[in-house]
Amino acid sequence: MVTGHRIQHLTPDMRPWVRAELARLAVKLRDEHGMTAGICGMAIGADLWWADAVVRAGLRLEAHVPFPQQPNKWRDEDRAEWSRLLGLAAQTVTYGDGYDVRLLHRRNEGMIRACSAAVAVFDTRKSAGGTASAVRKLIRAGVPVVHVDPVGQRTTLRRTQSPSQVA
């Protein structure tokens, strides 16, 4: 699964590196660790970039949507990308019928339960928000986290389980 910052929390110089790194990781996880599916919360920014990388790598996309109106306030091109990727998803899980901030957390918890490893596009200087919350929950759940640091532009693994459990 992926958790990560929305586009407005990533500077213009970070964005191309993050997109390329997510594409690289989707292929690496497929080829070297047997990943067959990628889970995405379908938010703008890191989530949609991961969904695109998963599809381009020929993997199964699992879309976890907090509520159907998720993209309603986005720019036209972002709504179109959301719709395109949702249409390519092999599975869609929807957590509620209308906007409720609690559904964002419920979606994150559902993705954490469904995954065996996570990719986190996370600026560690940000201790509040959905990404920080998801990373804390992943660590508590013992899920291995691949940290994509958009500030330092480096990727590291926080292994919380044995390597044989990473998929």
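Above this text sits the structure in question.
In this text the structure is predicted, and so the values were computed from the model without any measurement.

Novice: Got a minute to help me understand the packing of helix H1 (residues 15–33) against helix H2 (residues 46–56) in this structure?
Specialist: Angle between the axes and distance between the axes: these two values describe a pair of packed helices. Between H1 and H2, the least distance of the axes is 9 Å, while the angle of their chain directions is 40°. As the angle between them shows, H1 and H2 are arranged oblique. H1 and H2 meet at a crossing whose hand is right-handed. Contacts from Arg 15, Val 18, Arg 19, Leu 22, Ala 23, Leu 25, Ala 26 and Leu 29 in H1 reach Ala 46, Trp 49, Trp 50, Asp 52, Ala 53 and Val 54 in H2.

Novice: Can you walk me through the sheet that holds strand S5 (residues 118–121) in this structure?
Specialist: To summarise the sheet geometry, strands pair through backbone hydrogen bonds and adopt either a parallel or an antiparallel arrangement. Judged by pairing direction, the sheet is mixed, and its four strands sit side by side in the order S1-S5-S6-S7 without closing on themselves. Strand pairing shows two members of the sheet lacking a second neighbour, strand S1 (2–4) and strand S7 (154–158), which therefore form its edges. Averaged over all pairs of adjacent strands, the angle between strand axes in this sheet comes to 20°, irrespective of strand direction. Across five bridges, the pairing between strand S6 (residues 145–149) and S7 is antiparallel. In the strand pairing of S7, Val 146 is matched with Leu 157.

Novice: When you look at the packing of H2 against helix H3 (residues 76–88) in this model, what are you seeing that I'm missing?
Specialist: Axis separation between H2 and H3 bottoms out at 10 Å; the angle between their running directions is 40°. Put simply, H2 runs oblique to H3. Along this stretch, H2 crosses H3, giving a crossing that reads as left-handed. Seen from H2, the contacting residues are Leu 48, Ala 51, Asp 52 and Val 55; seen from H3, they are Asp 78, Glu 81, Trp 82, Arg 84, Leu 85 and Leu 88. Per-class residue counts for the contact of H2 with H3 are six nonpolar, no polar and four charged.

Novice: Looking at this structure, I do not really get the packing of aromatic side chains. What am I missing?
Specialist: The geometry of two aromatic rings is summed up by the distance between their centres and the angle between their planes. Taken as a whole and assessed by the stated rule, the structure comprises one aromatic pair. Judged by centre distance (5.3 Å) and plane angle (80°), the rings of Phe 67 and Tyr 99 are edge-to-face. Linking Phe 67 in the loop between strand S3 (60–65) and H3 with Tyr 99 in the loop between strand S4 (91–94) and helix H4 (101–114), this pair joins segments that are 32 residues apart in sequence. Judged by relative accessible area, Phe 67 falls into the buried class, the value being 6%. Classification of Tyr 99 as exposed rests on a relative accessible area of 61%.

Novice: Explain the pairing of S6 to me, please; I cannot follow it from the model alone.
Specialist: Regular strands place their side chains on alternate faces of the sheet. Taking burial as the measure, the five residues of S6 include five buried ones, the bulk of the element. Side chains Val 145, His 147 and Asp 149 of S6 all project onto a buried face; the interleaved residues Val 146 and Val 148 project onto the opposite face, where all are buried too. For the crossover that starts at S5, traverses helix H5 (residues 130–140) and ends in the parallel S6, the hand is right-handed. Turn length for the S6-S7 hairpin, with the two strands adjacent in sequence and antiparallel, is four residues, and the turn residue Gln 153 shows positive phi of about 50°.

About the criteria used
Residues numbered from 1 in each chain as written. Predicted model: local features only at pLDDT ≥ 70, side-chain atom pairs only at ≥ 80, totals over all residues. Heavy atoms only, no water. Axes fitted to C-alpha atoms, helices over the stretch in contact; angles between N-to-C directions. Helix = DSSP H or I, 4+ residues; strand = E, 2+ residues; numbered from the N terminus. Parallel < 35°, antiparallel > 145°, perpendicular 65-115°, else oblique. Left-handed = near helix turned anticlockwise from the far one by under 90°. Contact = heavy atoms within 4.5 Å. Pairing = 2+ DSSP bridges. Nonpolar A, V, L, I, M, F, W, Y, C, P; charged D, E, K, R; others polar. Phe/Tyr/Trp six-rings, centres within 6.5 Å; stacked < 30°, edge-to-face > 60°. Buried < 20%, exposed > 50% of the residue type's maximum accessible area, 1.4 Å probe, protein only. Right-handed = clockwise from strand over helix to strand, strands pointing away.

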